[in-house]
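# Overview (structure and organization)
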Amino acid sequence: MTKPRIAVYPGSFDPITKGHEDLIRRSLGFVDRVVVAVAVNVAKQPLFSLEERVALIQETVRLPGVEIRAFEGLLVQFAREVGASVIVRGLRAVSDFEYEFQMALMNRNLDPKLETVFLVPAFDLTYLSSSLVREVARFGGDVSALVQPVVQEALKRKFQR
Ligand code: PNS
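Figured I'd write up the structure that's included with this text. Everything numeric in this text was worked out from a predicted model, so none of it was measured.

## Looking at the sheet that holds strand β2 (residues 33–39)
A sheet is described by the order of its strands in space; here five strands give the open sequence β3-β2-β1-β4-β5, paired in parallel fashion. On the outer flanks of this sheet lie β3 (66–71) and β5 (115–119), each paired with one strand and no other. When the angles between neighbouring strand axes are averaged without regard to direction, this sheet yields 30°. Where β2 and β3 come together, six bridges link them in parallel fashion. Of the residues in β3, the one forming a bridge with Ala39 is Phe71. Relative to strand β1 (residues 6–11), helix α3 (residues 75–82) is tilted by about 145°, and along the sheet it contacts β1, β2, β3 and β4 (86–90). Those strands touched by helix α4 (residues 94–110) are β4 and β5, and its axis lies near 170° from that of β4.

## So, α4
Its 17 residues give α4 an end-to-end C-alpha distance of 25 Å, which sits within 8% of 24 Å, the value for a rise of 1.5 Å per residue. Asp96, Glu100, Ala104 and Asn107 are the residues of α4 that are buried. Among the structural elements, α3, β4 and β5 are those in contact with the buried residues of α4.

## Quick look at the pattern of salt bridges
What the rule picks out here adds up to eleven salt bridges. Note that Arg33 and Glu67 form a salt bridge whose closest N and O atoms lie 2.7 Å from each other. Here Glu67 lies in strand β3 and Arg33 lies in strand β2, a separation of 34 residues in the sequence. Residue classification places Arg33 among the partly exposed positions, given a relative accessible area of 29%. A salt bridge links Glu52 to Lys158, with the nearest nitrogen and oxygen atoms 3.1 Å apart.

## Some thoughts on the site of the ligand
If you check the shell around the ligand, you find 14 residues, and the closest are Ser12, Gly73, Leu75, Arg89 and Met103. Separating an oxygen atom of the ligand from a side-chain N or O atom of Ser12 is a distance of 2.4 Å. When the ligand sits alone it has 550 Å² of accessible area, and the protein chains cover 73% of it. Placement of the ligand is best described as lying within the largest pocket. Elements represented by at least two residues in the shell around the ligand include exactly β1 and α4. At four residues, the largest contribution of residues to the shell around the ligand is made by α4. Taken together, the residues of the shell around the ligand sort by class into eight nonpolar, four polar and two charged.

Calculation notes
Residues numbered from 1 in each chain as written. Predicted model: local features only at pLDDT ≥ 70, side-chain atom pairs only at ≥ 80, totals over all residues. Heavy atoms only, no water. Pairing = 2+ DSSP bridges. Helix = DSSP H or I, 4+ residues; strand = E, 2+ residues; numbered from the N terminus. Axes fitted to C-alpha atoms, helices over the stretch in contact; angles between N-to-C directions. Contact = heavy atoms within 4.5 Å. Expected span 1.5 Å × (residues − 1). Buried < 20%, exposed > 50% of the residue type's maximum accessible area, 1.4 Å probe, protein only. Salt bridge = Lys/Arg side-chain N within 4 Å of Asp/Glu carboxyl O. Near = heavy atom within 4 Å. Polar contact = N/O pair within 3.5 Å; in protein donor to acceptor, adjacent residues only side chain to side chain. Areas by Shrake-Rupley, 256 points an atom, 1.4 Å probe, with all protein chains shown as cover. 1 Å grid on protein atoms, 1.4 Å probe; cavity = no way out; pocket = protein on both sides within 12 Å on 5 of 7 lines; lining within 4 Å. Sits in = over half its atoms within 2 Å of the grid points. Nonpolar A, V, L, I, M, F, W, Y, C, P; charged D, E, K, R; others polar.

Here is the structure:
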């Protein structure tokens, strides 16, 4: 029997958007399992707590082969723990490139066997980001095309005054 191919898909997921969902689905096209790795230590103060971010992904993504886990510390360490050989990241625009390139090289430096794979999101989700979703929702804008209803409701509750 061949070893199952496992990818980690790390991020802040604050909150999960349809762009993230798209990449999870695309990843399942070339690996057997995807571990969605929700970072505990998000540099910026997140809008949603770790528990809320994990719960929103669980409610949004119900696909065989997808596992949702929180992780703390180095991503390469977590990847090793779950037996992943691939890190999946999305590349939306040129503006993502510098940060992503730095991160990929640093992760390779830390673990040369772990390969970073960049995926291109669906065309209509290219300019989507959690930070834009938060900003639009904060001011009462419509984010229904960008996130699942459960996320939309959670955003509404957060910004209720
Ligand atoms: O969704 P984000 O905020 O762009 O995700 C960034 C994340 C969580 C993937 C990145 O900050 C990370 O991997 N953090 C874990 C700490 C780590 O391993 N840092 C070294 C990688 S350069």
